[in-house]
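# Coordinates in review
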Amino acid sequence: MIAIYPGSFDPITNGHLDIIKRASKVVDNLVVAVLCNGSKRPLFSTEERVEMIKAACHPFENVDVQAFSGLLVDFAKQTSAKVIIRGLRATADFENEFKMAITNKALSDNIETLFLPTSLQYSYISSSMVKEVASLGGDVSFMVPNVVEKKILQKIASI
Ligand code: PNS
C-alpha cells in the first residue's frame, strides 16, 4: 500500500516526524508530499522544506519526499497512493481536517483519508508555534529535528 502524507511542513516538526515514523510502519511506501503553492507565504522555500524533511527522514527506508502543486487527489493518483495520512492533534484540528477529508473524497472516491492521533508529547507542537518561539529567541530544540533547528536560526538571523 502506498500512502501520502501531505502538508506545508514550514518547517517539519517532531510532531510531523512522529506521524511519519508511525505511518511508515503500517504502509509499504509513504510519500511525504510538500505543498509548494499554498495560500500561506512560507518562511522556507519548497526546496528548503523538502531538503529538511529528506534529512530528518533519512532513517526511514520506505519514505520518499516530493513537492506537489495543484490538487492533492491528483498528486495521489500520480503516485498511485490510495491513502492520505493526516495527523490529528486535538479537537481543534478536527473540523478543518474533516472538511478536507470530505472534499478529497468527493473529488476522488478511490482515495481514503486515515487520521493518526498525535502522540501526547507532541500534541501542542505546530510549525507556527515553532516559528513564533524561534523568532522571539526561544529554544525550539525539543520541538524540531536538529537540521531544522540549525536552519531556522540561520533563516531568522538573515531576515
Ligand atoms: O500542513 P497543512 O498546511 O495543514 O496542509 C494542508 C494541505 C497541504 C494538506 C492542503 O492544503 C492541501 O491538500 N492542499 C492542496 C490543494 C487541494 O487539494 N485542496 C482541496 C482539498 S483540501
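Heads up: these notes are all about the structure in this document.

## Concerning the pattern of salt bridges
Charged atoms that come close allow side chains of opposite charge to pair. According to the stated counting rule, one finds eight salt bridges in the structure shown. Between E48 and K155 there is a salt bridge, with the nearest N and O atoms lying 3.0 Å from each other. A residue pair is termed long-range when its members are at least 10 positions apart, and E48 in helix α2 (residues 46-56) and K155 in helix α6 (residues 146-158) qualify at 107 residues. On the accessibility criterion, K155 (17% relative accessible area) is buried. Ionic pairing is found between K151 and E51, a salt bridge with its closest N-O pair at 3.8 Å. In this pair, K151 sits in helix α6 while E51 sits in helix α2, placing the two residues 100 residues apart along the sequence. Classification of K151 by relative accessible area gives partly exposed; the value is 22%. Ionic contacts of the salt-bridge type, sharing partners, join the residues K105, D109 and E112 into one network.

## Some words on the sheet that holds strand β2 (residues 29-35)
Across the sheet, five strands lie side by side as β3-β2-β1-β4-β5; this open sheet has parallel pairing. The open sheet has two free edges, formed respectively by β3 (63-68) and β5 (112-117), since each of these has just one partner strand. The mean angle between the axes of side-by-side strands here comes to 30°, regardless of whether they run parallel or antiparallel. Across two bridges, strand β1 (residues 2-7) lies against strand β4 (residues 83-88) in parallel orientation. Its bridge partner being in β4, A3 is matched across the sheet by V83. Strands β4 and β5 of the sheet are contacted by helix α4 (residues 91-107), whose axis makes an angle of about 170° with β4.

What counts as what
- Residues numbered from 1 in each chain as written.
- Predicted model: local features only at pLDDT ≥ 70, side-chain atom pairs only at ≥ 80, totals over all residues.
- Heavy atoms only, no water.
- Salt bridge = Lys/Arg side-chain N within 4 Å of Asp/Glu carboxyl O.
- Helix = DSSP H or I, 4+ residues; strand = E, 2+ residues; numbered from the N terminus.
- Buried < 20%, exposed > 50% of the residue type's maximum accessible area, 1.4 Å probe, protein only.
- Pairing = 2+ DSSP bridges.
- Axes fitted to C-alpha atoms, helices over the stretch in contact; angles between N-to-C directions.
- Contact = heavy atoms within 4.5 Å.

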